[in-house]
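Structural features, examined
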Amino acid sequence: MKELLQKHREFIAYAAFGAGTVAVDVGLYSLTVGLLGIRLANVAGWCGAVLFAFFTNKYFVFRTGQR
């Protein structure tokens, strides 16, 4: 089992952080839609999700930011 997880670590991490990206998008949209309106809340959610995805993929999925 450990070998299987190690072999597919990147895919598993990518899928997990992808679900987290969706949660960030929906969460930011939900928090800001009452304040900013639909369009700006959508932009805020998308920007937050893209930033979250970039940093989690860089540092935790593909490990390019580590030495």
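Attention here is on the structure that accompanies the text. Note that the coordinates shown come from a computational prediction; the quantities given were computed from them, not determined experimentally. (Residues numbered from 1 in each chain as written. Predicted model: local features only at pLDDT ≥ 70, side-chain atom pairs only at ≥ 80, totals over all residues. Heavy atoms only, no water.)

For the rest of this paragraph, the subject is the overall build of the protein. Summing up its helical and strand segments, the protein has three helices and zero strands in all. When its helices and strands are written in sequence order, the protein yields α-α-α. Expected size for 67 residues packed as a compact globule is a radius of gyration near 11 Å; at 15 Å, the protein overshoots this value by more than 25%. Projected onto its principal axes, the C-alpha coordinates of the protein cover approximately 50 × 25 × 10 Å. (Helix = DSSP H or I, 4+ residues; strand = E, 2+ residues; numbered from the N terminus. Rg over C-alpha atoms; globule rule 2.2 N^0.38 Å.)

Counted under the stated rule, the structure contains four aromatic pairs. Centroid distance Y14 to F62: 6.1 Å. Interplanar angle 45°. Geometry classified as tilted. Taken together, the positions of Y14 in helix α2 (residues 9–36) and F62 in the segment after α3 (38–61) put the pair 48 residues apart, joining distant regions of the chain. What makes Y14 partly exposed here is its relative accessible area of 46%. With a centroid separation of 5.7 Å and 25° between ring planes, the pair formed by F17 and F60 is classed as stacked. Here F60 lies in helix α3 and F17 lies in helix α2, a separation of 43 residues in the sequence. Since its relative accessible area comes to 26%, F17 is described here as partly exposed. Overall, the relative accessible area of 48% leaves F60 in the partly exposed class. (Phe/Tyr/Trp six-rings, centres within 6.5 Å; stacked < 30°, edge-to-face > 60°. Buried < 20%, exposed > 50% of the residue type's maximum accessible area, 1.4 Å probe, protein only.)

Here we come to α3. Here α3 has its buried residues at A41, G45, G48, A49, A53, T56, N57 and V61. A positive phi of about 55° marks R63, the residue just after α3.

What follows concerns α2. Its 28 residues give α2 an end-to-end C-alpha distance of 39 Å, which sits within 8% of 40 Å, the value for a rise of 1.5 Å per residue. Of all the bends in α2, the largest measures some 30° and sits at S30. Among the residues of α2, A13, G20, T21 and T32 are the ones counted as buried. In this structure, the buried side of α2 is in contact with α3. (Expected span 1.5 Å × (residues − 1). Bend = angle between axes of the 7 residues up to and from the residue. Contact = heavy atoms within 4.5 Å.)

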